[in-house]
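Next come the chains, spelled out residue by residue.
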Amino acid sequence: MVVRMRHTRAHTANRRSHHAIKATLMTTCENCGAKNLNHTICKYCGFYKGRNVMNKLAKVEKSQAKAKKTSAK
Ligand SMILES: [Zn+2]
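The rules behind the values
- Residues numbered from 1 in each chain as written.
- Predicted model: local features only at pLDDT ≥ 70, side-chain atom pairs only at ≥ 80, totals over all residues.
- Heavy atoms only, no water.
- Helix = DSSP H or I, 4+ residues; strand = E, 2+ residues; numbered from the N terminus.
- Buried < 20%, exposed > 50% of the residue type's maximum accessible area, 1.4 Å probe, protein only.
- Areas by Shrake-Rupley, 256 points an atom, 1.4 Å probe, with all protein chains shown as cover.
- Donors = N, O, S within 2.8 Å, 3.2 Å for Na, K, Ca; no water.
- Tetrahedral: all angles 85-135°; square planar, octahedral: opposite > 155°, others 65-115°.
- Expected span 1.5 Å × (residues − 1).
- Polar contact = N/O pair within 3.5 Å; in protein donor to acceptor, adjacent residues only side chain to side chain.

A. Up close: the overall build of the chain. Counting its regular elements, the chain contains two helices and four strands. Taken from the N to the C terminus, the helices and strands of the chain come in the order α-β-β-β-β-α. When its C-alpha atoms are laid out on the principal axes, the chain stretches across 70 × 35 × 20 Å. Relative to its 73 residues, the chain shows a buried fraction of 11%. On the chain, roughly 7,100 Å² of surface is accessible, and the fraction owed to carbon and sulfur atoms is 56%.

B. Representation of the coordination of the zinc ion. Donor atoms from the polypeptide that coordinate the zinc ion comprise Cys29 (SG), Cys32 (SG), Cys42 (SG) and Cys45 (SG), at 2.2 to 2.3 Å from the metal. Considering all four donor atoms around the zinc ion, the spread of angles at the metal, 106 to 115°, places the coordination shape in the tetrahedral class. Donor residues for the zinc ion, ordered by position in the chain, follow C-x2-C-x9-C-x2-C. Here Cys29 is found in the loop between strand 1 (26–28) and strand 2 (35–37), whereas its partner Cys42 is found in the loop between strand 2 and strand 3 (47–48), with 13 residues between them in sequence. Note on accessibility: Cys29 and Cys42 belong to one class, buried.

C. Structural view of helix 2 (residues 56–72). Compared with the 24 Å implied by 1.5 Å per residue over 17 residues, the 24 Å span of helix 2 between its first and last C-alpha is a close match. Measuring from the side-chain oxygen of the N-cap residue of helix 2 to the backbone nitrogen of Ala58 gives 3.4 Å; that N-cap residue is Asn55.

D. Layout of the side chain of Asn36. Mapped onto the elements, Asn36 comes out in strand 2. Looking at Asn36, its side chain comes within polar contact range of the main-chain oxygen of Ala34, at 3.5 Å.

E. A look at unusual backbone geometry. Even without glycine at this site, His39 takes up a positive phi of about 60°. Structurally, His39 can be placed in the loop between strand 2 and strand 3. In this structure His39 comes out as exposed when scored by relative accessible area, which is 70%. With phi around 55°, Lys49 is a residue other than glycine that occupies positive phi space. With respect to the element layout, Lys49 can be found in the loop between strand 3 and strand 4 (51–52). Judged by its relative accessible area of 68%, Lys49 is exposed.

Here it is, written out as structure tokens:
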């Protein structure tokens, strides 16, 4: 909607009453207790709704093995 004509201060304030920023919703992980964004898996342990969705341990081990391999050369 285009604001065509001058509005009163009250009219402007009424419109802007909905412009406040809301705090981001955070949930605590059921597995490790870390704070995470809603509807996303835990970035620390890979759990979602108490279920292991992503094997984080295997990923960490893989990256460590790769780092070892590259540093050995
Ligand atoms: Zn977790």
